[in-house]
Amino acid sequence: MRLGSSWRWQLSRAMRLALRLRRLCRPQEGGGRVGVRLSAAWRYGKLLLRSLYYNSLTNSDTLLDCAFEPVYWIVDNVTRWFGVVFVCLVVLLTSSVVIIVYLFVLPTIFSSYPAHWIAWHLCCGHWLLILVVFHYYKATTTSPGHPPKDKRDVPSVSICKKCITPKPPRTHHCSICSLCVLKMDHHCPWLNNCVGHLNHRYFFSFCLYMTLGCVYCSISSRNLFLDAYSAIETSFQTPPPDVSPRESVGHKCIIFLWVLTSSVAVALGGLTLWHAKLISRGETSVERHINRKEARRLQGNGKVFRNPYHHGRLNNWKLFFGVETRSHWLTRVLLPSSHLPSGDGLMWDRPSTSSDPMTI
């Protein structure tokens, strides 16, 4: 049924019920009990009200979602608009760390470290910098992948209630992007993009190498941080020590560098470990919640839930990174690579041992 005819039919039905209610409330010839007429009018009134919102799929969860719909709308729109701010903040903070390292940390390394340590810092630092910049750029600019709308033979397990289109396996609707996303993990405001089938590897690699980069900066600047902290403490003495403006700015920059990189290493490191755990299990963030709920439901029925997309820990990592040969661990994991993920995101191979995810 077309949308135009549907709302016209609903309107005509509501008008018919309203006319019927008016006839019941109108005094009839021969009298009659008022209570009976009022009771019938009350029943038709409830029927009229329920006809405007109720159907066979309505339950308490649906009513709760409708009640919180304005809150969801505000959160989605705020997240969408603040995504640009978060991306600019990531670029600004990362650039500030790189500038401080070039201006204050590397000169100290060149002047006080032996040649082999200088070479190690140059190679390790720039390797991490290249990987962080590459993966962040790819994660923000790569589409997560969406079900094709021009094909009718798309394999699907359900229909999206928002897009009114078939949803392939592992596909979920993002209310912020207003699109269905293949193998959706979550919507990341720091990327201003969804994390899905095509950019999940870029997102995780960015988190991993950003954490390693922050750990590297925190450890490399530890001695400089202690010296800068002591120098700032002595500046409150009377009389204060003779410190040039450049040295004072350098001390504050080193403290800012160490505090920022240490905080990010702890916070982002925890997030990276969480996603590494999910990847080892062959799950996404969305599927983790769904699978836990399904496992509890089956446990109550005396059954055990098995993730149908779990191929074993090592195989899960190979599928995630697209590793097919041993050399790919170097060329596709430790070096920048823009290769496509395994599969098309519409159909997923299942291990033969997990063909039945529900076993007694």
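Procedures and definitions
- Residues numbered from 1 in each chain as written.
- Predicted model: local features only at pLDDT ≥ 70, side-chain atom pairs only at ≥ 80, totals over all residues.
- Heavy atoms only, no water.
- Helix = DSSP H or I, 4+ residues; strand = E, 2+ residues; numbered from the N terminus.
- Contact = heavy atoms within 4.5 Å.
- Areas by Shrake-Rupley, 256 points an atom, 1.4 Å probe, with all protein chains shown as cover.
- Polar contact = N/O pair within 3.5 Å; in protein donor to acceptor, adjacent residues only side chain to side chain.
- Core = buried A, V, L, I, M, F, W, Y, C linked by side-chain atoms within 4.5 Å.
- Buried < 20%, exposed > 50% of the residue type's maximum accessible area, 1.4 Å probe, protein only.
- Salt bridge = Lys/Arg side-chain N within 4 Å of Asp/Glu carboxyl O.
- Phe/Tyr/Trp six-rings, centres within 6.5 Å; stacked < 30°, edge-to-face > 60°.
- Patch = residues over 30% accessible without salt bridge, like charges linked within 9 Å, V, L, I, M, F, W, Y side chains within 5 Å.
- UniProt positions renumbered as here; feature names shortened; annotations may be inferred.
- Lys, Arg positive; Asp, Glu negative; His and termini not counted.
- Arc of directions from axis to C-beta.

Colleague: When you look at the overall build of the protein in this model, what are you seeing that I'm missing?
Modeller: For the protein, the helix and strand inventory stands at 11 helices and 8 strands. The contacts of the protein with a sequence gap of at least 6 include a subset with a gap of at least 24, amounting to 66%. When the accessible surface of the protein is totalled, it reaches about 23100 Å², and 64% of it is carbon and sulfur.

Colleague: Could you clarify how one ought to interpret the environment of Ser 221 in this entry?
Modeller: One can find Ser 221 in the loop between helix H6 (200–220) and helix H7 (222–234). Ser 221 sits 120 residues away from Val 101 along the chain, and the two C-alpha atoms are 8.7 Å apart. Leaving out residues up to four positions away in the same chain, Ser 221 has contacts with Val 105, Ile 254, Leu 257 and Trp 258. Among the polar contacts made by the side chain of Ser 221, one reaches the main-chain carbonyl oxygen of Cys 217 at a distance of 2.6 Å.

Colleague: Mind showing me how you'd approach the nonpolar core here?
Modeller: Note on soluble globular proteins: their nonpolar side chains tend to be buried together. Grouped together as the largest cluster of nonpolar side chains are 46 residues, with contacts concentrated most on Val 101, Val 105, Leu 191, Phe 204, Ile 254 and Phe 321. Going through the elements one at a time, helix H4 (69–112), helix H5 (115–141), H6, H7, helix H8 (245–281) and helix H10 (313–321) are the ones with two or more residues in this core. With 10 residues, H6 is the largest single contributor of residues to this core. When residues no more than four places from it in sequence are discounted, the contact partners of Val 105 are Ile 100, Ser 221, Leu 224, Ile 254 and Leu 257. Within the second largest apolar cluster, 5 residues are counted, among which are Cys 174, Val 181, Met 184 and Cys 194.

Colleague: Help me understand the pattern of salt bridges, please; the structure alone is not making it clear to me.
Modeller: A side chain of one charge can pair with a side chain of the opposite charge if their charged atoms are brought near each other. According to the stated counting rule, one finds 3 salt bridges in the structure shown. The salt bridge partner of Glu 287 is Arg 170, with a shortest N-O separation of 2.6 Å. In this pair, Glu 287 sits in helix H9 (residues 285–300) while Arg 170 sits in the loop between strand S2 (166–167) and strand S3 (172–174), placing the two residues 117 residues apart along the sequence. Of the two residues, Glu 287 and Arg 170, both sit in the buried class. The closest approach of N and O atoms between Glu 283 and Arg 288, which form a salt bridge, is 3.9 Å. One exposure class covers both Glu 283 and Arg 288, and it is buried.

Colleague: Looking at this structure, I do not really get the packing of aromatic side chains. What am I missing?
Modeller: Geometry of an aromatic ring pair is reported as the spacing of the ring centres plus the angle between the planes. For the structure on display, the rule yields 15 aromatic pairs. Consider the rings of Trp 117 and Trp 120, whose centres lie 5.9 Å apart with planes at 75 degrees: the pair is edge-to-face. Of this pair, Trp 117 and Trp 120 both sit in helix H5, 3 residues apart, roughly one helical turn. Here Trp 120 falls in the partly exposed class, since its relative accessible area comes to 42%. With a centroid separation of 4.8 Å and 45 degrees between ring planes, the pair formed by Tyr 136 and Phe 206 is classed as tilted.

Colleague: Help me understand a nonpolar patch on the surface, please; the structure alone is not making it clear to me.
Modeller: Together, Trp 73, Ile 74, Val 78, Trp 81, Phe 82 and Val 85 line one region of the surface with nonpolar side chains, adding up to about 690 Å² of accessible area. Relative to the assigned elements, Val 78 resides in helix H4. Of the residues examined, Val 78 reaches a relative accessible area of 40% and is grouped as partly exposed.

Colleague: Before we go on, may I ask you to explain the UniProt feature "transmembrane region" (unreviewed entry) in the protein in this structure?
Modeller: Under the local residue numbering, the UniProt record ascribes the feature "transmembrane region" (unreviewed entry) to residues 81–105, 117–137, 202–221 and 254–274. In the segment residues 81–105, helix accounts for 100% and strand for 0%; the C-alpha atoms at its two ends are 36 Å apart. Span residues 202–221 is 95% helix and 0% strand, its end C-alpha atoms 28 Å apart.

Colleague: Would you mind going over the side chain of Arg 201 with me for this structure?
Modeller: Within the secondary structure, Arg 201 is located in helix H6. Buried charged residue Arg 201 carries no salt bridge. Nearest counter-charge: Glu 324, at 11 Å. A distance of 2.9 Å separates the side chain of Arg 201 from the backbone oxygen of Ser 337, its partner in a polar contact. Only 3.2 Å separates the side chain of Arg 201 from the backbone oxygen of His 339, close enough to count as a polar contact. When neighbours within four sequence positions are excluded, Arg 201 is seen to be in contact with His 135, Phe 320, Phe 321, Arg 332, Ser 337, Ser 338 and His 339.

Colleague: Just to check I follow, could you spell out unusual backbone geometry for this structure?
Modeller: It is generally the case that most residues other than glycine have a negative phi and that most peptide bonds are trans. Even without glycine at this site, Ile 164 takes up a positive phi of about 55 degrees. Relative to the elements of secondary structure, Ile 164 occurs in the loop between strand S1 (158–159) and S2. Not every positive phi belongs to a glycine, and Ser 178 is a case in point at roughly 60 degrees. Among the secondary structure elements, Ser 178 is positioned in the loop between S3 and strand S4 (179–181).

Colleague: Any chance you could explain H10 here in plain terms?
Modeller: One turn of the α-helix equals 3.6 residues, which is why residues spaced by three or four share an orientation. Within H10, burial applies to Asn 316, Trp 317, Phe 320 and Phe 321. Along H10, the residues classed as buried sweep out an arc of 115 degrees about the axis, all on the same side. On the buried face of H10, the contacting elements are H6, H8 and helix H11 (328–334). Immediately beyond the C-terminal end of H10, within one or two residues, lies Gly 322, with a positive phi of roughly 70 degrees.

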